[in-house]
Amino acid sequence: MESETRVLRAAGGFGRARRLLAAASWLPCVALGLALGSEPLLTALPAHHCRPDPALLPPALRGLRGSALLDASVPRLGPARAPSPCLLLRYPESASRARPNGTRPCTRGWHYALPAAGLLRSPVTQWNLVCEDGWKVPLEQTSHLLGWLLGCVLLGAGCDWFGRRAVFVASLVLATGLGASEALAASFPALLALRLLHGGALAGFSLALYVARLELCDPPHRLVFSVAAGLFSVLGTLLLPGLALLAQDWRLLQGLSALVTGLLLLFWGFPSLFPESPCWLLATGQPARARKILWHFAEAGGVDPEHSSEEESSLAMATELDMLGAGSPQPQYHSVLELQQTCVAWRNGLILGFSSLICGGIRASFLRSLTPSEPAFYQPYFLGAGLEVVATVFLLLTGDRWGRRPVLLLGTLVVGLASLMLLAGTQYLPEWTMLSLSVLGLLASQAVSALSSLFAAEIFPTVIRGAGLGLVLGAGFLGQAAAPLAALQARSGFFLHHIVFTSFTILALLCVLLLPESRGRGLPVSLQDADRLCRSPLRGGRPDADHLPLLPSSARPAGRQWGQDG
C-alpha cells in the first residue's frame, strides 16, 4: 500500500487532471436524476371515475347527458360528494324507472382527470391500472427497485472483476437500449420486465461512476466530490417535471431519457473522460495498464520529470510499478465472499448495510406522515428533492469537520427519535409538530443514506469495493421496495411498516458505535488493510495517528502525516 501511495503521488497526486475528471463525473448524475425521478411520474395515480354506461340505466334515464348522466350512473362518496372511482350504480332490471338498489364494477373503462404529473398519457391510464388492477402499480414499483438491487449486487461484483470502466460503458449501452425499449413496450408485462432490467443497468452505471470518482480523489477531497454529485442528481430530478409537461406522453418522455443516456455514451464512453481506475489496476496487479493512465495524469498535471524531486520523477514511478508487478504476473481478482475470512471488515459492512436498509425503508413512513391523505403529485416530489439538497449541504458542512461516524450516529438518532414520536403521538401532538417531525426525519434519513454509501466505499478495500458498496446500496433499495408492498395493505400495512423500521433504527444506534472513523485515511487496498480499521474514540477533532494506520507500524512512512496521501 505504501508503494501504491508513492506511485499515485509521483503521478501528480490529486492534480489538475484528476480534479477535472472527478468534476466531469458529476454531469452524468443529471441523467441518473432523470431516471430516478421517472418512477413517480409513470405511476402517478390521477383522479378517476367510471365512464357512465347508458345501457345499464332505466329507459327513462338513457337520454341524459353531461353531469346529469354522471349523477345517475356513478355513486357519490364522502362529504365532498366525489364520484366513486371504481363503482357504477345498479338499477333494478324489471322497472322502467326506479331508484338504484346497489352498485356494480365499471363496464366501459374510466375517465381520468388529466394531465397527471404533467402527462396526458401514462402506463396507468393506457392499461387502466386502477381498481381491480391497482395492485399492478406497486408490483411495477417493486420490480423496478428490485432491478436496482440486483444491478448493485451483480454489477458491483463486475466492477471488481472487469474494472470500473468496463461496467460503466456496458451499463450505459444497456440503459440506453432498455430505456428506448420501454418507450415501445406493447403490454404491461413487457413494461414490467423492461423496468426490472433497466433498473439493473442504471444501478451498474451509478455504482461504477461512484466508485471510480471516489478512487480518483485524495482523502481531503473525497467527501466534497462524492457527496456533491448528489446535487446534480437532484437537478435531473427537478428538470423531469418540465420535460413531462413538454412531452405529455410517457413514451416520448422515456425516449428523451434514453436519448440523454445515449449522449453520455458519446462523451464518457471515451477513455479520456472516463479512464480505468489506476487504484483498481494497481490493487489487482496490472501495473502495465496503470502506467499508461498515471503517465497521462502526470503529463496533464504538469509534472516535469526532469525538474521534479526524486520521489515525483518518472523513473521513481516506473520503479515502483515494476516492484508492484514483480510478485504477481497475472491479475489477482477477489470475491466479496472473502469477507467471511475477515474479523472486522464484514462487521463494518453489515452495520452500514443495515443503516442503508433502515433509511431506505423508513423514508416512506415519513412521507406518509407528511401527506396522510392522497396528495397532489408535486408536493411530495419537490419536497423530497428539496430536502435532499439540504441533506447534501449538511454533509458537506459536517462530514469533514465532525467525522463520518459522529454524523452517522447523529442522523440515526434523529431518525429514531422522530419515528418514535410520530408513532407514539399521532393522536396527541398538534399538526405542526407532526409535520416538523416528519420533515426532520425525512431529512435525517436522506443524510444517513448518503453518508452510509460514502462510509462503505471508504472502508471496503479496493479489491472488493464495487461488490461491497453494491451490497450496501442494494440493502437501501430493498428497504425502499418494502413501501410499495405495504401500500397494498393500505393504512394497516404502513403502520406495521413504521413499527418494524422504527425498531430497527433503535438497534442501528448501538451498531454505529462499533464503526471505525474513515475521515482523513487512505483507502484500504487489500482485505488485510480493511481488517486493520479499528474503532476510534467518539470525540471531536481528527483521530490521532494511533487509530489511523492501515499498515503495520513498521511500514508507516516516516515523517509524514497519515491521511495526506493521494
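In this text, all values refer to a predicted model and were calculated from it rather than measured experimentally.

S.K.: Which parts of the structure should I look at to understand the overall build of the chain?
M.R.: Within the chain one finds 21 helices and six strands. A buried classification covers 54% of the 566 residues belonging to the chain. When contacts within the chain are restricted to residue pairs at least 6 apart in sequence, long-range pairs at least 24 apart make up 77% of them. Accessible surface, the chain as shown: approximately 24500 Å² in total, 65% of it carbon and sulfur.

S.K.: Could you clarify how one ought to interpret the pattern of salt bridges in this entry?
M.R.: A side chain of one charge can pair with a side chain of the opposite charge when the charged atoms of the two come close. Inspection of every chain in the model, using the stated rule, returns 13 salt bridges. With a closest N to O distance of 3.0 Å, R195 and E140 form a salt bridge. With R195 in helix α8 (residues 188–216) and E140 in helix α6 (residues 136–162), this residue pair connects regions lying 55 residues apart in the sequence. Of the two residues, R195 and E140, both sit in the buried class. Taking the shortest distance from any N to any O, the salt bridge between R195 and E182 comes out at 3.1 Å. Placement of the pair is R195 in helix α8 and E182 in helix α7 (residues 164–183), with a sequence separation of 13 residues.

S.K.: Just to check I follow, could you spell out a nonpolar patch on the surface for this structure?
M.R.: Taken together, the side chains of L252, L256, L259, L263, L266 and F267 make up a nonpolar region of the molecular surface, amounting to roughly 570 Å² of accessible area. You can see L252 is positioned in helix α11 (residues 250–268). Classification of L252 by relative accessible area gives partly exposed; the value is 46%.

S.K.: Please clarify how the state of the cysteines should be interpreted in this entry.
M.R.: Think of a disulfide as a covalent bridge from one cysteine sulfur atom to another cysteine sulfur atom. Under the defined criterion, the tally for this structure stands at two disulfides. C50 shares a disulfide with C106; S-S distance 1.6 Å. Across the disulfide from C50 to C106, rotation about the S-S bond amounts to roughly -50°, and the bridge is consequently left-handed. Taken together, the positions of C50 in strand β1 (residues 48–50) and C106 in the loop between β5 (102–105) and β6 (110–112) put the pair 56 residues apart, joining distant regions of the chain. Residue C106 is classed as buried on the basis of its relative accessible area of 17%. C86 shares a disulfide with C131; S-S distance 2.0 Å. On the sign convention where negative is left-handed, the bridge of C86 and C131, at about -95° about the S-S bond, is left-handed. Here C131 lies in the loop between α5 (123–126) and α6 and C86 lies in the loop between β3 (82–83) and β4 (87–90), a separation of 45 residues in the sequence. Classification of C86 by relative accessible area gives partly exposed; the value is 24%.

S.K.: Is there a simple way to explain the packing of helix α10 (residues 229–247) against α11 in this structure?
M.R.: In a pair of packed helices, the angle between the axes and the distance between the axes together describe the arrangement. Relative to each other, α10 and α11 sit at 130°, their axes nearing to 9 Å. Accordingly, the angle class assigned to the pair α10 and α11 is oblique. Crossing handedness for the pair α10 and α11: right-handed. Of α11, the residues touching α10 (which contributes L240, L243, A244 and A247) are L252, L253 and L256.

S.K.: Quick question: what am I supposed to make of the nonpolar core here?
M.R.: It is characteristic of soluble globular proteins that their nonpolar side chains tend to be buried jointly. In terms of nonpolar packing, the biggest core is built from 104 residues, with L41, F168, F205, L352, L408 and L469 touching the most fellow members. With 15 residues, α8 is the largest single contributor of residues to this core. The contact partners of L41, leaving out residues within four places of it in the chain, are A117, L119, L240, A244, L253, F377 and Y381. Counting residues in hydrophobic clusters, the runner-up holds 17 residues, among them I362, F366, L370 and A418.

Here is what the cut-offs are and how they apply
- Note that residues are indexed from 1 along each chain, following the sequence as it is written.
- Local features in a predicted model are, by the rule used here, given only for residues with pLDDT of at least 70; side-chain atom pairs are given and counted only at 80 or more, and totals for whole chains, interfaces and linings are based on all residues.
- Based on all heavy atoms of the structure, the side-chain values leave hydrogens and waters out of the count.
- Numbering goes from the N terminus for both helices and strands, where a helix is a DSSP run of H or I of at least four residues and a strand is a run of E of at least two.
- Exposure is judged per residue with a 1.4 Å probe applied to protein chains only, and the accessible area is read against the type maximum: over 50% gives exposed, under 20% gives buried, and values in between give partly exposed.
- Should any heavy atoms of two residues lie within 4.5 Å, those residues are counted as being in contact.
- Accessible areas in this description were obtained via Shrake-Rupley with a 1.4 Å probe; residue shielding takes into account the shown protein chains only.
- In the sections that follow, a salt bridge refers to a side-chain nitrogen of Lys or Arg positioned within 4 Å of a carboxyl oxygen of Asp or Glu.
- Patch members must show over 30% relative accessible area and no salt bridge, and they are joined within 9 Å when carrying like charges or within 5 Å when they are nonpolar side chains of Val, Leu, Ile, Met, Phe, Trp or Tyr.
- We call a pair of cysteine sulfur atoms a disulfide when they lie within 2.5 Å.
- Throughout, an axis means a line fitted to C-alpha atoms (over the contacting stretch in the case of helices), and angles, computed between N-to-C directions, take values from 0 to 180 degrees.
- Geometric relationships in this document are graded by angle, where less than 35 degrees denotes roughly parallel, more than 145 denotes roughly antiparallel, 65 to 115 denotes roughly perpendicular, and other angles denote oblique.
- Crossings are assigned a handedness: left-handed for a near helix turned anticlockwise from the far helix by less than a right angle, right-handed for a clockwise turn.
- Among the buried residues, those of types Ala, Val, Leu, Ile, Met, Phe, Trp, Tyr and Cys that are joined through side-chain atoms within 4.5 Å form a nonpolar core.

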